[in-house]
Structure formats: structure tokens, C-alpha cells
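Summary of structural features
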Amino acid sequence: MSALLQEMFKTGIYKKKQGKVCRMTTAAALLALLAAGVYQLYNSFLAGQGAFMVYAVPLMLLALSAWIAYRAVNYARFADFLIQVEAEMRKVSWPGKDELFRSTIVVIIVMFLLTVLLFGYDIVLQFLFKWISLGMDYLATQLGIF
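Each chain has its residues counted from 1, running along the sequence as written. The predicted nature of this model means local features are confined to residues of pLDDT at least 70 and side-chain atom pairs, given and counted, to a pLDDT of 80 or more, with totals for whole chains, interfaces and linings taken over all residues. The basis for every side-chain value is the complete set of non-hydrogen atoms in the structure, without hydrogens or water.

1. A short note on the overall build of the protein chain
Strands here are runs of E lasting at least two residues and helices are runs of H or I lasting at least four, both read from the DSSP assignment and numbered beginning at the N terminus. Scanning the protein chain for helices and strands turns up 5 helices and 0 strands. Listing the helices and strands of the protein chain from first to last along the sequence gives α-α-α-α-α. Considered along the principal axes of its C-alpha atoms, the protein chain spans approximately 80 × 55 × 30 Å. Relative accessibility thresholds used throughout: buried, under 20% of the residue-type maximum; exposed, over 50%; partly exposed, between the two (1.4 Å probe, protein chains only). Here the protein chain holds 146 residues, and 15% of them are scored as buried. Contacts were defined at the residue level, with two residues in contact if any of their heavy atoms lie within 4.5 Å. For the protein chain, the share of sequence-separated contacts (at least 6 apart) that also reach a separation of at least 24 residues comes to 72%. For the protein chain, the accessible surface area stands at approximately 11800 Å², while carbon and sulfur atoms represent 73% of it. The protein chain carries 13 positive and 8 negative side-chain charges, and their two centres are separated by 15 Å. Values of accessible area rely on a 1.4 Å probe in the Shrake-Rupley scheme; residue burial ignores everything except the protein chains shown. His is not counted here, nor are the chain ends, while Lys and Arg score as positive and Asp and Glu score as negative. To locate a charge, take NZ of a lysine, CZ of an arginine, CG of an aspartate or CD of a glutamate.

2. Comments concerning the pattern of salt bridges
One side-chain nitrogen of Lys or Arg within 4 Å of one carboxyl oxygen of Asp or Glu is enough to make a salt bridge. Evaluated as defined, the whole model comprises 2 salt bridges. Residues R90 and E86 are paired through a salt bridge, measuring 2.6 Å at the closest nitrogen-oxygen approach. Highlighted residues: R90 and E86, both in helix 4 (residues 76-91), separated by 4 residues, approximately one helical turn. In this structure E86 comes out as buried when scored by relative accessible area, which is 9%. Close ionic contact of K91 with E88 constitutes a salt bridge, the shortest N to O distance being 3.3 Å.

3. Section: the layout of surface pockets
Here the largest pocket defines a volume of roughly 170 Å³. The wall of the largest pocket is formed by I13, K16, K20, R23, M24, A27, Y70, V73 and N74. Looking at the lining of the largest pocket, the element that brings in the most residues is helix 2 (residues 20-46), giving 4 residues. Under the scheme applied here, ten amino acids are nonpolar (Ala, Val, Leu, Ile, Met, Phe, Trp, Tyr, Cys and Pro), four are charged (Asp, Glu, Lys and Arg), and all others, including Gly, are polar. Considered class by class, the residues forming the lining of the largest pocket number 5 nonpolar, 1 polar and 3 charged. Cavities and pockets are defined on a 1 Å grid built over the protein atoms alone: a cavity is a set of grid points where a 1.4 Å probe fits but cannot escape, while a pocket is an open set with protein on both sides within 12 Å along at least five of seven lines, and lining residues are those with an atom within 4 Å of any such point. Grid points are joined across faces, edges and corners, and a volume is the space filled by probe spheres set on the points.

4. Focus: the side chain of R23
Within the secondary structure layout, R23 lies in helix 2. E86 is the oppositely charged side chain nearest to the buried, salt-bridge-free R23, at an N-O distance of 7.0 Å.

5. Quick word on helix 4
Taking 1.5 Å of rise per residue, 16 residues should cover 22 Å, and helix 4 covers 23 Å from first to last C-alpha, within 8% of that figure. Listing the buried residues of helix 4 in full gives A79, L82, I83 and E86. Angularly, the buried residues of helix 4 cover 100° about the axis, an arc narrow enough to put them on a single face. In helix 4, the exposed positions that point more than 90 degrees away from the buried face belong to R77, Q84 and K91. What a helix should span is 1.5 Å times the count of its residues minus one. Note that the arc is defined by the directions from the helix axis to the C-beta atoms.

6. As for the packing of aromatic side chains
Two aromatic rings, drawn from Phe, Tyr or Trp (for Trp, its six-membered ring), form a pair once their centres lie within 6.5 Å of each other, and the interplanar angle then sorts them: stacked below 30 degrees, edge-to-face above 60, tilted otherwise. Tallied over the entire structure, the rule returns 2 aromatic pairs. Relative to Y70, the ring of W67 lies with its centre 5.5 Å away and its plane at 40°, an arrangement referred to as tilted. Linking W67 with Y70, this pair stays in helix 3 (residues 51-72), spanning 3 residues, or about one helical turn. W67 sits in the partly exposed class, given a relative accessible area of 31%. Seen from their ring centres, F78 and F81 are 6.4 Å apart, and the 20° between their planes marks the pair as stacked. Of the two residues, F78 and F81 both sit in helix 4, 3 residues apart, roughly one turn of that helix. Judged by its relative accessible area of 30%, F78 falls in the partly exposed class.

7. Here we look at helix 5 (residues 97-143)
Between the first and last C-alpha of helix 5 there are 68 Å, a value that for 47 residues agrees with the 69 Å anticipated at 1.5 Å per step. In the stretch just after helix 5, G144 is the one whose phi turns positive, near 80°.

8. As for the environment of I132
By the secondary structure assignment, I132 is in helix 5. A C-alpha to C-alpha distance of 21 Å links I132 and L118, two positions 14 residues apart in sequence.

Printed below as a string of C-alpha cells:
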């Protein structure tokens with residue numbers, strides 16, 4: 001635990017030249033998530049309080065969130081992971097425009113066919129359950145249960 005606290009209070013950037021894009025986008029996403037939490041806290045708890053609670057507490061929490069996001073992406077183990085992710089993403093062969101278009105058409109057609117198939121199953125099962133229910137009602141009436 002003390003190693004984590006020591007790491008959180010460092011100010012340097014771990015492996016400054018490596019994995020910049022991945023680390024910046026991860027920090028921005030983490031900051032956005034934490035900022036959404038601060039905003040929710042503001043709306044649910046702090047609204048209508050005194051000026052300090054309304055303005056200073058959210059600003060301090062946002063500053064703390066920014067520091068946490070900055071330090072998280074510079075934590076050695078996590079930063080190494082993000083550096084490796086960016087290196088692997090550079091190796092990916094991305095599809096061209098034509099292949100992307102064809103794949104999109106295939107996905108749309110398959111989704112449409114699955115929708116039609118599930119709709120058909122739904123209609124058949126509704127009919128089947130209704131028929132079973134009517135049969136059970138008729139049987140119960142004949143036996144004098146109802």
C-alpha cells in the first residue's frame with residue numbers, strides 16, 4: 001500500500017516518449033468518468049448547499065480526479081500495459097474502405113435475417129402458448145376445477 005501511495009505522489013512521467021496516444025486517451029476517459037461522478041454528486045447532494053459546497057468541493061474533486069487520472073496512466077505497471085497496447089495496435093492490419101463496406105453490408109443483412117427469424121419464433125411461441133392456455137382452460141372447465 002505504501003508503494004502505491006509513493007507512486008501517486010510522484011510528479012514525473014514514466015517512459016515519457018512511449019505510448020503517448022494510448023495513455024492520453026485513457027487519461028481523458030478516466031477523467032471524464034470521474035468528472036461524471038463529480039457532476040452526479042453535485043446534482044444529488046451538493047445542489048442547494050452553501051457557496052463553498054456548491055463551488056469549491058466540486059472543483060477540488062475535479063482537481064483530485066485530474067491528478068488521479070494523470071498518475072494512473074503513469075503508474076509503472078499500468079503504463080507498461082498501455083505502451084504494449086499501443087504497440088500491438090500499430091501491428092493491426094486495418095480493413096480498407098471496400099472491405100469495410102462489404103463487411104458492414106454482411107453484418108446488416110445477418111442482423112435483419114436474425115430479426116426476422118426471432119420475430120417468427122415469437123409469433124409461433126405466442127400462438128403455441130395461447131393454444132395451450134385455451135386447452136388448459138377448456139380442460140379445467142370440463143373437470144369442474146373453475
